[in-house]
Structures are given as C-alpha cells and as structure tokens.
Amino acid sequence: MPNSFDPDQTIRPEILALSAYHVPPATGMIKLDAMENPYALPPALQDEIAKLTAHAPINRYPDPSAVELKVTLREALAVPDGMDIMLGNGSDEIIQIIAMAAAKPDAVLMSVEPAFVMFRMIATFANMSYVGVPLNNDFSIDLDAILAGIEKHKPAVIFLAYPNNPTGNLFDADAILRIIEASPGIVVVDEAYHAFADASLIDKLTQHPNLLLMRTLSKLGLAGLRLGILIGRPEWLIQLEKLRLPYNVGIMTQLIAKAVLRHPELLLEQAAAIKTERSTMNKRLAAMDGVEVFHSDANFILLRVNGAKQIFQTLKQRGILIKNLDGTHPLLEECLRVTVGTIDENAQFCYAFHDIIKNH
Ligand SMILES: *Cc1c(COP(=O)(O)O)cnc(C)c1O
C-alpha cells in the first residue's frame, strides 16, 4: 500500500487544470471589488433580526422548501402567475444545479465573452463543454455569431447576464428574445443586477417556454446571506428540484431574508442611492484625461486606462481594492472594474485614482 496518494491519479484532468476562484484578502481596505452594497440595514431592523435569530430553532433542520420565504419573495419580486420559484445557496448554486441537470455527455453550455466567470467554471465542474461567443467591441451581443453558434453546437443551456458582468451594460432585449427562440435548450437570463437597471425580462416568462430567470439578493445588500432565486415554469423546476440538496438554504437565511423583504422599499432606496452615486462617479471619471468610461446599468463601472494593472496595484497599496480585468479577455485590455460604494468611499477612490493616473 502506498502511504501517499497522488491526486493526479483520481481527480479529473480538467479539475487539476483549473485555478480556484480567487478572492483577495480585504481586511481594513476600502472594498470596491465585489459589487457589494455598502450600506448597513437600519438599526430597528437590525434589532428585529437579532431577536429573530436569538430564538431561531437552530437545533432543527430548516424548512427544506422554504415555504414562507417563497411567499414573501413571490410578492416582493412580482413573480408572474403560473411560475414557480427554486432557491439556491446564492445564484452560483442555481447555475450549478442547472448545469448538472443538463450535463449529458457532450452537452454544451454557452454564454458570451466576457461574461460572469462562474458560467464557464461551472460548465467544467459539471463536465459540460463550454462555448463562449465573443461580444462586439462595444460589448453588445453579436447576434449573428450567437445564432451561428446555436446552430453549430445546439447548446443545452445558454446563460446571459442582464445587465452583463463585468461590462455593466444591458444587452438588446430583442436580441435576447431571438436567442431564446432559436435555442433548442434552456436560456437562463441572470438578472443579478436588476435593482440597478430599469429593465427585466420577467414579463417574457409566460411567452417563452424555454426561458428561466435568475435573481439574487447578493448585490442588493444581503451578500452574506447567500440566497439566489430561480423563476420559471413548474415543468423545469420540478426536474431541477431533484438536484437541489434538501437543506441548501439555512434557517438564518430564511428568517433574515423574510424579515428584510417585508420592507422591500429599504433595499430599493439603497439601490437608488447607489444609482445616483454611479452617475456622479461616472461624470467624475469621464472628466479625467485618458480614462474611457463605459455606460453601466449595474452597481459597478468598467473603465479603460493605460497601465491598468499598475494602477490597480498602486490603488491596492493605498488601501483601495478594485478589480483588474486586464489580461482576462482581449476585449478587456487595460480595463478595471470598480464597484459603486458609499459617497465617501467613491470620493476616496476617485481622488486616489486621479492622483495615480496624473503621475503615471
Ligand atoms: C455576482 C453575480 C452572481 C452571483 O450571485 P450569488 O447569488 O452571490 O451567488 C450571479 N450572476 C452574476 C452575473 C453576478 O455578477
């Protein structure tokens, strides 16, 4: 018997080849890298949550179907009649459930590039082939290329984020509808940034039998709870529910999400404040020489500047963490992504950024 085992003998080669999703340490930093909502909940609601959690029956398993939370969500999200809800431990888990369910041998998961990196990573986790169709230079959808890709690869699943991450733009809704109509499989529209955009395809669910719509509470101010939401026809959700682990949404998440969503206006007011700050920041950044700012319908801004990587490093040394996208995709050359934070955080970022680029 060998006294040491070689993981290379057991682990799938495509997993050995992956690098783990990297989350940089951020203790003590101004954290503008992960699209979190920077605001806390009002003290009265914090107290209500403290009481709820103090008395929560944590010796018991949570409600596996989260019945009460779903009632609250149905109302808060205005889920269309006839559509069901499936909950995930974040929408990342929902992406994984969909991929596992569709992963027949040789099945293809398709998205655009650049897109949310988890689409590609999870395709690999689930043993699916991934096809990423490049966006146009202005980050719009290349409809002809996607339609050709659909024809060629017959993807089991297509993921499109609306608005898109990391580019921040909304794709043309008619182009998405054409993709849905041409697709032989499921099209999942990922509306993680819905609160910051003035558009949604939720109304299209009833007309398109292969459309599923995903939301999350993460970008809305509850990233720590881990709650993702899939909305779609019962025919699909009955199948996907079979792969959902029974207690994937814990009791604390269920209790707290219910309590917060009883005041949906709270999170929406915070989202409105973030949108206002987004336009202030946009103007400030666009006025800086040598900075290209891309329009955003999300809670972050994509920009292009010469020497992005070094500017990112210098910002980090100064205690400000954003995301460097240079080198991740040809369309993102010299690009940085900054999350919209509090007024004060944004001012500190803009000041430091300007200071760095004018000496660069
Ligand atoms: C952040 C993000 C998510 C992740 O959401 P969780 O619910 O926190 O897992 C999903 N999709 C997109 C496009 C995102 O940017």
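These numbers were taken from a predicted model, which means no experiment stands behind them.

### Describing the sheet that holds strand β2 (residues 84-88)
Thinking step 1. Taken together, the seven strands give an open sheet; going across it, the order is β2-β8-β7-β6-β5-β3-β4, and neighbouring strands pair in mixed fashion. With one partner strand each, in any of the chains shown, β2 and β4 (129-134) form the two edges of the open sheet. Between one strand axis and the next, the sheet turns through 25° on average, direction left out of account.
Thinking step 2. Bridge count between strand β6 (residues 186-190) and strand β7 (residues 211-216): four bridges; the pairing is parallel. Counted as the bridge partner of V188 is L212 from β7.
Thinking step 3. Running over the sheet, helix α4 (residues 67-76) touches β2 and β8 (228-232) and is turned about 115° from β2.
Thinking step 4. Against the sheet, helix α9 (residues 234-241) makes contact with β2, β6, β7 and β8, and its axis sits at roughly 30° relative to β2, the strand it touches most.

### Observations regarding the environment of L177
Thinking step 1. With respect to the helices and strands, the residue L177 is situated in helix α8 (residues 173-182).
Thinking step 2. In the structure, L177 is positioned 24 residues away from L201 in sequence and 9.2 Å away in space, judged by C-alpha atoms.
Thinking step 3. Not counting residues within four places of it along the chain, the set of residues in contact with L177 comprises K204 and H208.

### Things to note about the site of the ligand
Thinking step 1. Residues in contact with the ligand amount to 13 residues; listed here are only the nearest, D190, Y193, T216, S218 and K219.
Thinking step 2. A distance of 3.0 Å separates an oxygen atom of the ligand from a polar backbone atom of D92.
Thinking step 3. In the model, an oxygen atom of the ligand is placed 2.8 Å from a nitrogen or oxygen of the N165 side chain.
Thinking step 4. For the ligand, the protein covers 94% of the area, taking 390 Å² as the surface of the free molecule.
Thinking step 5. Here the residues of the shell around the ligand are counted per class, giving four nonpolar, five polar and four charged.

### Observations concerning the packing of aromatic side chains
Thinking step 1. Inspection of every chain in the model, using the stated rule, returns six aromatic pairs.
Thinking step 2. Relative to Y247, the ring of Y61 lies with its centre 4.2 Å away and its plane at 15°, an arrangement referred to as stacked. Remark: Y247 occurs in the loop between α9 and α10 (251-261) and Y61 occurs in the loop between α3 (43-54) and α4; sequence separation between them is 186 residues.
Thinking step 3. Measuring from centroid to centroid gives 5.5 Å for F116 and F119, while their planes differ by 85°, and the two rings are edge-to-face. One exposure class covers both F116 and F119, and it is buried.
Thinking step 4. Members of the aromatic cluster, joined through ring pairs, are F116, F119 and F159.

### Brief notes about the sheet that holds strand β13 (residues 335-339)
Thinking step 1. Taken in spatial order, the four strands of this open sheet run β9-β10-β13-β12, and their pairing is antiparallel. Every other strand in the sheet has two partners, leaving β9 (291-293) and β12 (323-324) as the edge strands with one partner each.
Thinking step 2. Relative to β13, strand β10 (residues 300-305) is paired through five bridges, and the arrangement is antiparallel. When the bridges of β13 are listed, R304 appears paired with C335.
Thinking step 3. Contacts from helix α11 (residues 264-286) reach β9, β10 and β13 within the one sheet, and its direction differs from that of β10 by about 5°.

### Describing the state of the cysteines
Thinking step 1. Taken as a whole and judged by the stated rule, the model has zero disulfides.
Thinking step 2. Take C335: it sits in no disulfide, and the sulfur closest to it among the cysteines is that of C350, at 17 Å.
Thinking step 3. Classification of C335 as buried rests on a relative accessible area of 0%.

### Regarding the pattern of salt bridges
Thinking step 1. In this structure the tally under the stated criterion is 14 salt bridges.
Thinking step 2. Close ionic contact of D33 with K31 constitutes a salt bridge, the shortest N to O distance being 2.9 Å.
Thinking step 3. Notably, a salt bridge pairs K258 with E68, separated by 2.7 Å at the nearest N-O pair. Residue K258 is found in helix α10, and its partner E68 is found in helix α4; the two are separated by 190 residues along the sequence.
Thinking step 4. The exposed category is assigned to E68, whose relative accessible area is 53%.
Thinking step 5. Each of K31, D33 and E36 takes part in salt bridges that share partners, so that together they form one network.

### A few points about the packing of α3 against α10
Thinking step 1. Orientation of α3 relative to α10, taken along the N-to-C sense of each, is 150°, at an axis distance of 10 Å. Here α3 runs over α10; the crossing is right-handed. Contacts from L45, E48, I49, L52 and T53 of α3 reach α10 at M252, L255, I256, A259 and V260.
Thinking step 2. Residues of the contact of α3 with α10, tallied by class, amount to eight nonpolar, one polar and one charged.

### Describing helix α13 (residues 343-358)
Thinking step 1. Taking 1.5 Å as the rise per residue, α13 with 16 residues should run 22 Å; its terminal C-alpha atoms sit 22 Å apart, in good agreement.
Thinking step 2. Regarding α13, the residues found buried are N346, F349, C350, A352, F353, D355, I356 and I357.
Thinking step 3. In this structure, the buried residues of α13 make contact with α11, β9, β10, α12 (308-317), β11 (320-321) and β13.

Reading guide: rules and limits
- Residues numbered from 1 in each chain as written.
- Predicted model: local features only at pLDDT ≥ 70, side-chain atom pairs only at ≥ 80, totals over all residues.
- Heavy atoms only, no water.
- Pairing = 2+ DSSP bridges.
- Helix = DSSP H or I, 4+ residues; strand = E, 2+ residues; numbered from the N terminus.
- Axes fitted to C-alpha atoms, helices over the stretch in contact; angles between N-to-C directions.
- Contact = heavy atoms within 4.5 Å.
- Near = heavy atom within 4 Å.
- Polar contact = N/O pair within 3.5 Å; in protein donor to acceptor, adjacent residues only side chain to side chain.
- Areas by Shrake-Rupley, 256 points an atom, 1.4 Å probe, with all protein chains shown as cover.
- Nonpolar A, V, L, I, M, F, W, Y, C, P; charged D, E, K, R; others polar.
- Phe/Tyr/Trp six-rings, centres within 6.5 Å; stacked < 30°, edge-to-face > 60°.
- Buried < 20%, exposed > 50% of the residue type's maximum accessible area, 1.4 Å probe, protein only.
- Disulfide = S-S within 2.5 Å.
- Salt bridge = Lys/Arg side-chain N within 4 Å of Asp/Glu carboxyl O.
- Left-handed = near helix turned anticlockwise from the far one by under 90°.
- Expected span 1.5 Å × (residues − 1).

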